[in-house]
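# Structure at a glance
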Amino acid sequence: MKRRVRKAVFPVAGLGTRFLPATKAMPKEMLPVVDKPLIHYAVEEAKAAGIEQFFFVTSRQKSAIEDHFDHAFELETMLRERGKIDLLSELEARMPQPGQITYTRQQIPLGLGHAVWCARALVGDEPFAVLLADDLLLCERPCLAQMIEAYARTGGNLAAVVEVPREETRRYGVLDVIADDGRLARARGLVEKPDPAAAPSTLTIIGRYIIQPEVFAHLSCGKPGSNDEIQLTDALSKLIADGQAFHGVRFEGKRFDCGDKLGFLEATIALGLAHPELGMGLRQVLKSYLS
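Residues numbered from 1 in each chain as written. Predicted model: local features only at pLDDT ≥ 70, side-chain atom pairs only at ≥ 80, totals over all residues. Heavy atoms only, no water.

## Comments concerning the overall build of the chain
In terms of helices and strands, the chain carries 11 helices and 13 strands. The C-alpha radius of gyration computed for the chain amounts to 20 Å, which stays within 12% of the reference 19 Å derived for 291 residues, consistent with globular compactness. Principal-axis analysis of the C-alpha atoms places the extent of the chain at approximately 60 × 50 × 40 Å. Relative to its 291 residues, the chain shows a buried fraction of 48%. A fraction of 75% describes how many contacts in the chain between residues 6 or more apart in sequence connect residues 24 or more apart. With the model as given, the accessible surface of the chain reaches about 14700 Å², and the carbon-plus-sulfur share is 53%. The average position of the 36 basic charges and that of the 38 acidic charges among the side chains of the chain differ by 2 Å. (Helix = DSSP H or I, 4+ residues; strand = E, 2+ residues; numbered from the N terminus. Rg over C-alpha atoms; globule rule 2.2 N^0.38 Å. Buried < 20%, exposed > 50% of the residue type's maximum accessible area, 1.4 Å probe, protein only. Contact = heavy atoms within 4.5 Å. Areas by Shrake-Rupley, 256 points an atom, 1.4 Å probe, with all protein chains shown as cover. Lys, Arg positive; Asp, Glu negative; His and termini not counted. Charge placed at Lys NZ, Arg CZ, Asp CG, Glu CD.)

As structure tokens, then:
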């Protein structure tokens, strides 16, 4: 019997150097896309997929993330006194329940695999999701919900995947595919940031995973891989070698790479156009610049 995915890990310890100077004093995960920070989109996606416990792997100078998911009593009191009940209700509706969120530290930036390993005591012996806030996904049904539906059929380990031009494979973990029905691709191996000429496919992993807890045994070895970091992809490859299934899930929706400045701007425009109150006005603004 497959165990239900109830827990999610959010690695948010990165320095956000690609967005300096904006991220000198503010976590990159708190950069706003329209009216919500990046990390909030990821948490909302997880909640909509049925996740019950949220584990944040943080580092120094990330207190703004903790504050965002906590009560702001002065602000809430002011909104109440001024009769702005709609805004107050919106803030309260987005608050997690007491005990749902836990924080742990990644003291040294040793890579994504190490960040996930830092959450091992929180995850325990259960399958869990990993969500990277850099990837903002605009989907009619949340991407993670689509993945959990696929997990119910396949078990094992899964990641959301997208096709990229071959020359971009050097930026991603790439699947070595043995079977592909157009929706699910089963892999016999994973390669982290391969040279395009050596990449086994152009099907690449983005920042959504469902992982079995046995991964922690491989991450505990602490052996660095690509970029001299502990790579999650390497540990997942070892799970495949152990006989666990690994599937890439082609999700229905649009992915924005918000770890990249241009991708961040695109996400802001796309979500702004889709906003029920701002969309029409933004469309007119864009027309004025493009005409």
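Still more ground to cover, so stick around.
## Considering the nonpolar core
Proteins that are soluble and globular tend to have nonpolar side chains buried together. Core analysis: the biggest nonpolar cluster contains 49 residues, and Phe-10, Ile-39, Phe-56 and Leu-144 have the highest contact counts within it. In terms of residue count, helix H7 (residues 143-154) provides more of this core than any other element does, seven residues in total. Apart from the residues lying within four places of it in its own chain, the contact partners of Phe-10 are Ile-39, Ala-42, Val-43, Ala-46, Phe-54, Phe-55, Phe-56, Val-57 and Leu-131. Counting residues in each nonpolar core, the second largest holds 30 residues, with Val-57, Val-116, Leu-239 and Phe-246 among its members. (Core = buried A, V, L, I, M, F, W, Y, C linked by side-chain atoms within 4.5 Å.)

## Description of the pairing of strand E10 (residues 184-192)
Across seven bridges, the pairing between strand E9 (residues 173-180) and E10 is antiparallel. Residue pairing for E10: Asp-180 is matched across the bridge by Ala-185. Where E9 folds back onto E10 in an antiparallel hairpin, the turn is made up of three residues, including Gly-182, whose phi is positive at roughly 90°. Note: E10 against strand E12 (residues 246-250), three bridges, orientation antiparallel. (Pairing = 2+ DSSP bridges.)

## Comments concerning the packing of aromatic side chains
The tally for this structure, following the rule as stated, stands at six aromatic pairs. Judged by centre distance (6.2 Å) and plane angle (25°), the ring pair of Phe-10 and Phe-54 falls under stacked. With Phe-10 in strand E1 (residues 7-11) and Phe-54 in strand E4 (residues 53-58), this pair connects stretches of sequence that are 44 residues apart. Take Phe-10: its relative accessible area is 0%, and that puts it in the buried class. (Phe/Tyr/Trp six-rings, centres within 6.5 Å; stacked < 30°, edge-to-face > 60°.)

## A short note on the environment of Gly-16
Assignment of secondary structure puts Gly-16 in the loop between E1 and strand E2 (32-33). A relative accessible area of 8% means that Gly-16 is categorised as buried. Distance from Gly-16 to Met-26, taken between C-alpha atoms, is 9.2 Å for residues 10 residues apart in sequence. Apart from residues no more than four positions distant in its own chain, Gly-16 is found in contact with Thr-23 and Lys-28.

## Digging into the side chain of His-247
Relative to the helices and strands, His-247 is located in strand E12. Given the relative accessible area of 11%, His-247 is considered buried. Ignoring anything within four residues of it in the chain, the contact list for His-247 reads Thr-154, Asn-157, Leu-158, Ala-159, Leu-184, Ala-185 and Arg-186.

## A word on the packing of helix H10 (residues 261-274) against helix H11 (residues 279-290)
Contact pair H10 / H11: the axes reach a minimum separation of 6 Å and the direction vectors enclose 130°. The angle between H10 and H11 falls in the class oblique. Here Ile-269, Gly-272 and Leu-273 of H10 come into contact with H11, specifically with Gly-279, Leu-282, Arg-283 and Leu-286. Partitioning the contact of H10 with H11 into residue classes produces four nonpolar, two polar and one charged. (Axes fitted to C-alpha atoms, helices over the stretch in contact; angles between N-to-C directions. Parallel < 35°, antiparallel > 145°, perpendicular 65-115°, else oblique. Nonpolar A, V, L, I, M, F, W, Y, C, P; charged D, E, K, R; others polar.)

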